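Below, each chain spelled out in residue letters.
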Amino acid sequence: MDPNTITIEGTADERKQIPLYRGVMCYFPNALVEVAKQSYKGNLQHHPEDEIWWDMSKSTDELDALMRHLLEGEWAAVAWRALAHLERDLCKEGHSRIINNE
């Protein structure tokens, strides 16, 4: 398997009900570009010498930071924090779609 891929579990029919391209990328292309920029900005803050990767041990106050960004009108940061909170919550529930991008 390519090291930059993930495995989405389920039957072919179940996987077809997860329209990542048509249901996410095509709906929100501009927003996702801004969230990607936010990811890069955060990576520079925490690991300027490394390739981009999410150090989940740093900056774990998603909901407080989300609200702060909301009040400040920093929408890409709000979206990033919302996604980070959802990812952490799903991991707690046992979801294990781990990407190996080393």
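Residues numbered from 1 in each chain as written. Predicted model: local features only at pLDDT ≥ 70, side-chain atom pairs only at ≥ 80, totals over all residues. Heavy atoms only, no water.

Enquirer: Even after reading the chapter, I still don't get helix α5 (residues 75–92), so can you show me in this structure?
Expert: Because an α-helix completes one turn every 3.6 residues, residues spaced three or four positions apart along the sequence face the same direction. Here α5 is 18 residues long and its end C-alpha atoms lie 26 Å apart, about the 26 Å a rise of 1.5 Å per residue gives. Those residues of α5 that fall on the buried side of the exposure criterion are A76, A77, V78, W80, R81, A84 and R88. Of the residues flanking the end of α5, it is G94, one or two places downstream, whose phi is positive at about 100°. (Helix = DSSP H or I, 4+ residues; strand = E, 2+ residues; numbered from the N terminus. Expected span 1.5 Å × (residues − 1). Buried < 20%, exposed > 50% of the residue type's maximum accessible area, 1.4 Å probe, protein only.)

Enquirer: Looking at this structure, how should I read a nonpolar patch on the surface?
Expert: Together, I18, L20, V24, Y27 and F28 line one region of the surface with nonpolar side chains, adding up to about 500 Å² of accessible area. Position of Y27 among the secondary structure elements: in the loop between α2 (20–25) and α3 (29–46). (Patch = residues over 30% accessible without salt bridge, like charges linked within 9 Å, V, L, I, M, F, W, Y side chains within 5 Å. Areas by Shrake-Rupley, 256 points an atom, 1.4 Å probe, with all protein chains shown as cover. Salt bridge = Lys/Arg side-chain N within 4 Å of Asp/Glu carboxyl O.)

Enquirer: When you look at the packing of helix α4 (residues 62–72) against α5 in this model, what are you seeing that I'm missing?
Expert: For any two helices packed against each other, the geometry comes down to the angle between their axes and how far apart the axes lie. Between α4 and α5, the shortest axis-to-axis distance is 8 Å and the interhelical angle comes to 160°. On the basis of their axis angle, the class for α4 and α5 is roughly antiparallel. The way α4 lies across α5 gives a crossing that is left-handed. Note on element contacts: α5 touches α4 through W75, A77, V78, W80, R81, A82, A84, H85 and R88, opposite E62, L63, A65, L66, H69 and L70. (Axes fitted to C-alpha atoms, helices over the stretch in contact; angles between N-to-C directions. Parallel < 35°, antiparallel > 145°, perpendicular 65-115°, else oblique. Left-handed = near helix turned anticlockwise from the far one by under 90°. Contact = heavy atoms within 4.5 Å.)

Enquirer: Please explain the pattern of salt bridges as it appears in this structure.
Expert: It is possible for side chains of opposite charge to pair when their charged atoms get near one another. Taken as a whole, this structure holds four salt bridges when the rule is applied. Here E62 and R81 are joined by a salt bridge, their closest N and O atoms 3.3 Å apart. Taken as a pair, E62 in helix α4 and R81 in helix α5 lie far apart in primary sequence, 19 residues in all. Measuring nitrogen to oxygen at the nearest pair gives 2.6 Å for the salt bridge that ties R88 to E62. In this pair, R88 is assigned in helix α5 and E62 in helix α4, connecting sequence segments 26 residues apart. In this structure R88 comes out as buried when scored by relative accessible area, which is 17%. Residue E62 is classed as buried on the basis of its relative accessible area, which comes to 2%.

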